[in-house]
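These are the residues of each chain, in order.
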Amino acid sequence: MAENVLELRSLTKRYGNNVAVNRADLSIAQGEIYGLVGLNGAGKTTIIRMISAQTIPTAGEIVLFGATGERALSRMRARTGVMVETPSFYPYLSALDNLEYYRLQRGIPGKHVAEEALESVGLANTGKKKFKHFSLGMKQRLGLGLALMNRPDLLLLDEPINGLDPEGIVEFRNILLDLSRQRQTTILISSHILPELSNLATCYGFIDKGVMLEEISAKALREKCRACLELQVDDASKASLVLERTLGAQDYEVLPGNVIRLYGCLDRPEQVTQALIQAGVSLRAAENKGANLEDYFLSLIGGVRHA
């Protein structure tokens, strides 16, 4: 089993009477792309700011590469790269000159570092083009390049694809996938753009109103969200016997409220409903379902809310 690169234990942040993050637990194994999912204001940015020491926790513990305590955490944070919003770059400098400025400011050795960072985010050929003339996608990639200059083992990204057009989103996605596959970089990425996050993440943490609701692997989530025929009946026990004995169905689950999710027989729903009715089961509803990441998240927080 891969060791955990990052753990949060009952991490809490209060601003006066407002609890921004409430006893959050989180764990990320080495090499994972962890999608932190939540509406705007759910606590995603606050968590990343606490991990990166931009905000001091009110309570709880951060464990980074097995280390805890402020002195040890300070050393381990040198192995992380952080992108919270687009960093401030000088508008009249080129991409290389901007990164070179930050390299010198941060004391990162080796002039090749800035060039390698630009290469990794697809900006090596921008030459003397000034930052003020960059597209939003190029600005975001330069921000990512800045976060990569120290070749981090853990990359913390807060809403990095906000405002990007579809082409920019695909470019950004491919860069992150390459980092994960080629460098084995562990990535924590927060977003409320769930369709795109589902193309990246290997595991998820769902947060709402500062509370971590659930952590789940992408594989387990796909299993939970797979297509099914959802049946609402008056007697789930009796209906289960009909499904097994009459239809030979084995792949189903019984939920509270006499709801059954049937994962087999999807190609013959009429036969299923007919068998139940003929056996004297009162069928209140039968509906084909197949949830995606957004559906699953909304079910966790209790339905659609405006961000």
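See the structure shown above.
How each quantity is defined
Residues numbered from 1 in each chain as written. Predicted model: local features only at pLDDT ≥ 70, side-chain atom pairs only at ≥ 80, totals over all residues. Heavy atoms only, no water. 1 Å grid on protein atoms, 1.4 Å probe; cavity = no way out; pocket = protein on both sides within 12 Å on 5 of 7 lines; lining within 4 Å. Points joined across faces, edges and corners; volume = space filled by probe spheres on them. Helix = DSSP H or I, 4+ residues; strand = E, 2+ residues; numbered from the N terminus. Buried < 20%, exposed > 50% of the residue type's maximum accessible area, 1.4 Å probe, protein only. Arc of directions from axis to C-beta. Contact = heavy atoms within 4.5 Å. Salt bridge = Lys/Arg side-chain N within 4 Å of Asp/Glu carboxyl O. Pairing = 2+ DSSP bridges. Axes fitted to C-alpha atoms, helices over the stretch in contact; angles between N-to-C directions. Right-handed = clockwise from strand over helix to strand, strands pointing away. Phe/Tyr/Trp six-rings, centres within 6.5 Å; stacked < 30°, edge-to-face > 60°. Lys NZ or Arg CZ within 6 Å of the ring centre and 35° of its normal. Parallel < 35°, antiparallel > 145°, perpendicular 65-115°, else oblique. Left-handed = near helix turned anticlockwise from the far one by under 90°. Nonpolar A, V, L, I, M, F, W, Y, C, P; charged D, E, K, R; others polar.

Novice: Explain the layout of surface pockets to me, and be specific about the residues and the numbers.
Specialist: Gaps left between atoms show up when a probe the size of a water molecule is rolled over them. Quantified by volume, the largest pocket comes out at close to 370 Å³. Lining the largest pocket are 18 residues, and of these Thr80, Gly81, Val82, Arg106 and Ala147 sit closest to its centre. Elements represented by at least two residues in the lining of the largest pocket include exactly strand E5 (80-84) and helix H5 (136-148). A total of 5 residues in the lining of the largest pocket trace back to one element, the largest contributor, which is E5. There is about 210 Å³ of room inside the second largest pocket.

Novice: Please give an account of helix H10 (residues 269-278) that cites residues and values.
Specialist: Within the span of H10, buried status applies to Val272, Thr273, Ala275 and Leu276. The arc that holds every buried residue of H10, seen down its axis, measures 160°, which confines them to one face. Facing away from the buried side of H10, by more than 90 degrees, are the exposed residues Glu270, Ile277 and Gln278. In this fold, the buried residues of H10 make contact with strand E10 (228-233), helix H9 (236-245), strand E12 (259-262) and strand E13 (283-289).

Novice: If you had to explain the pattern of salt bridges to someone new, which residues and values would you point to?
Specialist: Here the structure, examined in full by the defined rule, presents 12 salt bridges. Between lysine 44 and glutamate 159 there is a salt bridge whose closest N-O contact spans 3.4 Å. You can see lysine 44 sitting in helix H1 (residues 44-51) and its partner glutamate 159 sitting in the loop between strand E6 (154-158) and helix H6 (166-183), a full 115 residues away along the chain. Glutamate 159 shares its class with lysine 44; the two are buried. Put simply, Glu7, Arg9 and Glu61 are held in one network by salt bridges that share partners.

Novice: With reference to specific residues and values, describe the sheet that holds E12.
Specialist: Strand order across the open sheet formed by 4 strands is E11-E12-E10-E13, with antiparallel pairing between neighbours. This sheet does not close on itself; its edge strands, each paired only once, are strand E11 (252-255) and E13. The mean inter-strand angle of the sheet, taken between neighbouring strand axes irrespective of direction, is 20°. The sheet strands contacting H9 are E10, E11 and E12, and the helix crosses E12 at an angle near 20°.

Novice: I'd like to hear about the pairing of strand E7 (residues 186-191), residue by residue, with values.
Specialist: Of all the 6 residues making up E7, 6 are buried; the element is thus mostly covered by neighbouring parts of the structure. Here strand E3 (residues 33-37) runs beside E7; their pairing, made up of 5 bridges, is parallel. Looking across to E7, one finds that tyrosine 34 is bridged to leucine 188. With 5 bridges connecting them, E6 and E7 associate as parallel partners. Bridge pairing in E7 places leucine 157 opposite isoleucine 189. Read from E6 through H6 to E7, the crossover connection turns out right-handed.

Novice: For the packing of aromatic side chains, give the residues involved together with the corresponding values.
Specialist: Going through the model one piece at a time under the given rule, you end up with 8 aromatic pairs. For the ring pair tyrosine 101 and tyrosine 102, a centre distance of 5.3 Å and an interplane angle of 75° mean the geometry is edge-to-face. Here a set of aromatic residues connected by ring pairs shows up, and it is made of Phe89, Tyr90, Tyr101, Tyr102, Phe131 and Phe134. Seen from the ring of tyrosine 15, lysine 13 lies directly overhead, with NZ or CZ sitting 5.1 Å from the centre.

Novice: I'd like a rundown of the sheet that holds strand E2 (residues 18-29), residues and numbers included.
Specialist: Neighbouring strands of a sheet are bound in pairs by backbone hydrogen bonds; such pairs are parallel or else antiparallel. Across the sheet, 3 strands lie side by side as E2-E1-E4; this open sheet has antiparallel pairing. Lying at the two open borders of the sheet, with one neighbouring strand each, are E2 and strand E4 (59-64). Averaged over all pairs of adjacent strands, the angle between strand axes in this sheet comes to 15°, irrespective of strand direction. One ladder, built from 5 bridges, connects strand E1 (residues 4-15) with E4; its direction is antiparallel. The residue bridging glutamate 7 from the neighbouring strand is valine 63, located in E4. Packing of H1 onto the sheet brings it into contact with E1, E2 and E4, and relative to E1 it is tilted by some 115°.

Novice: Which residues make up the packing of H9 against H10, and what are the values?
Specialist: Each pair of packed helices can be summarised by the angle the axes make with each other and by the distance between the axes. H10 packs onto H9 with a crossing angle of 125° between their chain directions and a minimal axis gap of 10 Å. With respect to H10, the axis of H9 lies oblique. Seen along the crossing, H9 lies across H10 with a hand that is right-handed. Touching Ala239, Val242 and Leu243 of H9 are Val272, Ala275 and Leu276, all from H10. Classifying every residue of the contact of H9 with H10 by side-chain character gives 6 nonpolar, no polar and no charged.

By themselves these figures say nothing about function.
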